[in-house]
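# A closer look at the structure
Chain residues, written in single-letter form:
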Amino acid sequence: MRLHVAEHPLIAHKLTVLRDVRTPSPLFRQLTEELVTLLAYEATRDIRTEPWEITTPVTDTVGRKLTEPRPIVVPILRAGLGMLEGMTRLLPTAEVGFLGLQRNEETLEAITYANRLPDDLSGRQCYVLDPMLATGGTLVAAIEYLFERGARDVTAVTLLAAPEGLRAVQEAIGERADVTIVTASVDERLNSKGYIVPGLGDAGDRLYGVVD
Ligand SMILES: O=P(O)(O)OC[C@H]1O[C@H](OP(=O)(O)OP(=O)(O)O)[C@H](O)[C@@H]1O
Ligand SMILES: O=c1cc[nH]c(=O)[nH]1
Ligand SMILES: [Mg+2]
């Protein structure tokens, strides 16, 4: 597993406003999108391209173009949905699959309630979107769903990651595949309720409001 912590003054600034408990949902959503676009730049550093011949108004030349098959972007509902627009703005031709997972607040176990992925992901570059990597249960489950369909090249884009969650992903995935995590921050720890500290609270609730 590779970890990339994206360090940039704009990321640090936007993340600080995002963490602030006084930041209302509309601004939280806007900042999430902006942060994802900045993180996507890092996350797609190894996206596959191939030579492509074109003619400019001046001459013939060879540039580069994204290779087929198209990359796939997989937001983890709910909170990952807030990252989709920012990612597809940079990767407009990407296919989008969906996973819905919810953490049980007592056991912290991730329960799957939606799985809408292409059947065959072999040879595809997959980008998983979830703002929070806490215990790692959700991301490990998501990566396993992608592996089941043949994916072996997975990049997870998160806003915050806890050291505990990073260790859990490393232990679960091992050397089985090429997994990269791109995050804006590795925070200090988890609290007794499994929340990231200092964190930003419940990302889904801050994006979309509290649902029972
Ligand atoms: O690393 P973990 O301990 O598994 O926790 C992280 C998960 O928790 C949050 O989702 P939540 O269950 O709150 O669902 P929501 O997005 O619908 O709010 C978050 O968006 C991650 O998916
Ligand atoms: O701090 C946390 C941990 C899990 N999920 C969240 O939304 N926030
Ligand atoms: Mg939530």
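Just so it is clear, the model here is predicted, and its values are computed rather than measured. (Residues numbered from 1 in each chain as written. Chains lettered and ligands numbered in written order. Predicted model: local features only at pLDDT ≥ 70, side-chain atom pairs only at ≥ 80, totals over all residues.)

## Some remarks on the site of ligand 1
Definition in use: Nearness is defined per residue: the C-beta atom, placed using the backbone, must lie within 6 Å of the molecule or strand. Starting at the N terminus, helices and strands are each numbered in turn, a helix being any DSSP run of H or I of at least four residues and a strand any DSSP run of E of at least two. Residue polarity follows a fixed list, in which Ala, Val, Leu, Ile, Met, Phe, Trp, Tyr, Cys and Pro are nonpolar, Asp, Glu, Lys and Arg are charged, and the others, Gly among them, are polar.
Surveying the vicinity of ligand 1 reveals 23 residues, the closest of which are Arg78, Arg103, Thr135, Thr138 and Gly204. Mapped by element, the contributors of at least two residues to the shell around ligand 1 are strand E6 (98–103), strand E9 (132–133), helix H4 (137–148) and helix H6 (203–208). Across the shell around ligand 1, the residue classes tally to 11 nonpolar, eight polar and four charged.

## Comments concerning the UniProt feature "binding site: 5-phospho-alpha-D-ribose 1-diphosphate" (unreviewed entry) in the protein
Condition: UniProt positions are given in the numbering used here, feature names are shortened, and annotations may be inferred rather than shown by experiment. Distance between backbone-placed C-beta atoms decides contact: two residues are in contact if it is within 7 Å.
Those places that UniProt annotates as "binding site: 5-phospho-alpha-D-ribose 1-diphosphate" (unreviewed entry) correspond, in this numbering, to Arg78, Arg103, Asp130, Pro131, Met132, Leu133, Ala134, Thr135, Gly136, Gly137, Thr138 and Asp202. Tracing the backbone through its elements, the reader meets methionine 132 in strand E9. Among the structural elements, glycine 137 can be located in helix H4. In contact with glycine 137, other than residues within four places in its own chain, are Arg103, Leu108, Glu109 and Ala110.

## A closer look at the UniProt feature "binding site: uracil" (unreviewed entry) in the protein
Quick note on the threshold: Counting other C-beta atoms within 10 Å of each residue's C-beta, where C-beta atoms are placed from the backbone, gives the exposure class: buried for 20 or more, exposed for 12 or fewer, partly exposed between.
Here, the residues flagged by UniProt with the feature "binding site: uracil" (unreviewed entry) are Ile196, Gly201, Asp202 and Ala203. Its place among the elements puts isoleucine 196 in strand E13 (residues 196–197). Setting aside its immediate chain neighbours within four residues, isoleucine 196 contacts Met132, Ala134, Leu160, Ala162, Asp187 and Leu190. By the secondary structure assignment, aspartate 202 is in the loop between E13 and H6. Note on aspartate 202: 16 C-beta atoms within 10 Å, which makes it partly exposed.

## Details of H4
Just so we agree on the cut-off: To estimate how far a helix should reach, multiply one less than its number of residues by 1.5 Å.
For H4, spanning 12 residues, the distance from its first C-alpha to its last is 17 Å, which sits close to the expected 16 Å at 1.5 Å a residue. Considered for burial, the residues of H4 that qualify are Gly137, Thr138, Leu139, Ala142, Ile143 and Leu146.

## Description of the environment of threonine 107
Structurally, the position occupied by threonine 107 is in the loop between E6 and strand E7 (110–116). Exposure remark for threonine 107: the 10 C-beta atoms within 10 Å place this residue in the exposed category.

## Looking at the site of ligand 2
Taken together, Ala79, Met132, Ala134, Gly194, Tyr195, Ile196, Gly199, Asp202, Ala203 and Gly204 form the complete shell of residues around ligand 2. When the residues that make up the shell around ligand 2 are grouped by side-chain class, the tally is six nonpolar, three polar and one charged.

## Regarding the nonpolar core
Across soluble globular proteins, nonpolar side chains show a tendency to be buried alongside one another. Just so we agree on the cut-off: A set of buried residues drawn from Ala, Val, Leu, Ile, Met, Phe, Trp, Tyr and Cys, joined through C-beta atoms within 7 Å, is what defines a nonpolar core.
Of all hydrophobic cores here, the largest spans 49 residues; its most connected members are Val74, Cys126, Tyr127, Val128, Leu129, Ala142 and Val157. Listed by contribution, the elements that provide at least two residues to this core are helix H2 (25–43), strand E4 (72–77), E6, strand E8 (125–129), E9, H4, strand E10 (153–161) and strand E11 (178–186). Per-element tally for this core: the top contributor is H2, with seven residues. If sequence neighbours within four positions are ignored, valine 157 has contacts with Val36, Leu39, Ala40, Ala43, Met83, Tyr127, Leu129 and Val182.

## Things to note about the packing of helix H1 (residues 9–19) against H2
Put simply, the rule reads: Lines fitted to the C-alpha atoms define the axes, with helices restricted to the stretch that makes contact. Angles between their N-to-C directions range from 0 to 180 degrees. Roughly parallel means an angle under 35 degrees; roughly antiparallel, over 145; roughly perpendicular, 65 to 115; everything else is oblique. Crossings are classed by handedness, with left-handed meaning an anticlockwise turn of the near helix from the far one by less than a right angle and right-handed meaning a clockwise turn.
Put simply, H1 and H2 touch, their axes get as near as 10 Å, and they point 155° apart. Of the possible angle classes, the one that applies to H1 and H2 is roughly antiparallel. Here the hand of the crossing between H1 and H2 comes out left-handed. Seen from H1, the contacting residues are Leu10, Ile11, Lys14, Leu15, Val17 and Leu18; seen from H2, they are Phe28, Leu31, Thr32, Glu34, Leu35 and Leu38. When grouped by side-chain class, the residues that make up the contact of H1 with H2 number nine nonpolar, one polar and two charged.

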